[in-house]
Amino acid sequence: MENWKTILGVFGASVGLVILMAVGLSKLSGDGGGTIKVPVEQLTEGAGWEMSTGEAKVTVVEFSDIQCPACKEAEPISKELRQTPGVRFVYRHFPLFTIHKNAWKGGRALEAARMMGKGWEMMALMFEKQKDWSDLADPDGAFVGYAKELGLAESEFAEKYKSKETDEAVGVDSALGNRLRLSGTPTFFVNGEQVATSFVIGRVKELLK
């Protein structure tokens, strides 16, 4: 009888651990926490990153962390949305710096490149090389190298990267994400309504019909 109690206790603990892990992973991916509805103007005000093809009928806002593996996996979805006619795509930084030590600096590197006209290209390159720079004690040199690879002037990029301007740009987006109490990244909003990553494209296509 005691053996059965022990077995049931171990089984129950295992199930509980699986549930906790599932909840934790959902928070990191930004798909948990229920649906949030926010006015589009609140989501887009002050945004530095925006792309649209043709007349915009649907606004998609993504909160992303350039060091987040889930965001890298979602990048093909984001790229498809940016290239979809009728979609206004807005990108906002939400660096999870408590678990991704170089996320904030990564956001600043993106901002520096954006200010020099190569923001989206820098994003693609940093996602591609994410494993190379994520664990570096000091990623500054790597980011300058990526800027050089994109044809940007090293000294100008380095100056902008370390400027107050890039820090504030990341900070504005991060503060908005915190006010919205976002649970993780990537988090997508379609016309102001939070939509799970796996359903974003389908939802956008429905609205474009």
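Here, the structure is the one placed above.
The structure presented is a predicted model; accordingly, all values stated were derived computationally and were not measured.

Caption draft 1: How the structure looks around the sheet that holds strand S2 (residues 58-64). With mixed pairing, five strands are arranged side by side in an open sheet as S1-S3-S2-S4-S5. Both outer strands of the open sheet, strand S1 (49-52) and strand S5 (193-195), are each paired with one neighbouring strand and no more. Each strand of the sheet is rotated relative to its neighbour by a mean of 25 degrees, with strand direction disregarded. Where S2 meets strand S4 (residues 187-190), four bridges bridge the pair, whose relative direction is antiparallel. Each residue of the ladder has a partner; that of Val61, found in S4, is Phe189. Across the sheet, helix H5 (residues 119-128) is in contact with S1, S2 and strand S3 (87-93); its angle to S1 comes to roughly 105 degrees. Against the sheet, helix H10 (residues 200-208) touches S2, S3, S4 and S5, its axis set at about 10 degrees to S4.

Caption draft 2: Structural context of helix H7 (residues 140-149). Burial in H7 covers these residues: Asp140, Ala142, Phe143, Val144, Tyr146 and Ala147. Where H7 ends, the next residue or the one after it, Gly151, has phi of about 85 degrees, a positive value.

Caption draft 3: Layout of helix H3 (residues 69-82). Here H3 spans 20 Å end to end across 14 residues, near enough to the 20 Å set by a 1.5 Å rise per residue. Residue Glu75 marks the point of greatest curvature in H3, where the axis turns by about 45 degrees; the proline Pro76 follows within four residues. The set of residues buried in H3 consists of Cys71, Ala74, Glu75, Ser78, Leu81 and Arg82. Residues of H3 that are buried make contact with S1, S2, S3, H5, S4 and H10.

Caption draft 4: Structural context of the pattern of salt bridges. Applying the stated criterion across every chain, the model contains 10 salt bridges. Notably, a salt bridge pairs Glu75 with Arg82, separated by 2.5 Å at the nearest N-O pair. Accessibility classification places Glu75 together with Arg82 in one group, the buried group. A salt bridge links Arg92 to Asp173, with the shortest nitrogen-to-oxygen separation between them at 2.8 Å. Here Arg92 is found in strand S3, whereas its partner Asp173 is found in helix H9 (residues 164-179), with 81 residues between them in sequence. Pair check on accessibility: Arg92 and Asp173 agree, each one buried. Several salt bridges converge on common partners, so that one network encompasses Lys105, Asp138 and Asp140.

Definitions and limits used
- Residues numbered from 1 in each chain as written.
- Predicted model: local features only at pLDDT ≥ 70, side-chain atom pairs only at ≥ 80, totals over all residues.
- Heavy atoms only, no water.
- Pairing = 2+ DSSP bridges.
- Helix = DSSP H or I, 4+ residues; strand = E, 2+ residues; numbered from the N terminus.
- Axes fitted to C-alpha atoms, helices over the stretch in contact; angles between N-to-C directions.
- Contact = heavy atoms within 4.5 Å.
- Buried < 20%, exposed > 50% of the residue type's maximum accessible area, 1.4 Å probe, protein only.
- Expected span 1.5 Å × (residues − 1).
- Bend = angle between axes of the 7 residues up to and from the residue.
- Salt bridge = Lys/Arg side-chain N within 4 Å of Asp/Glu carboxyl O.

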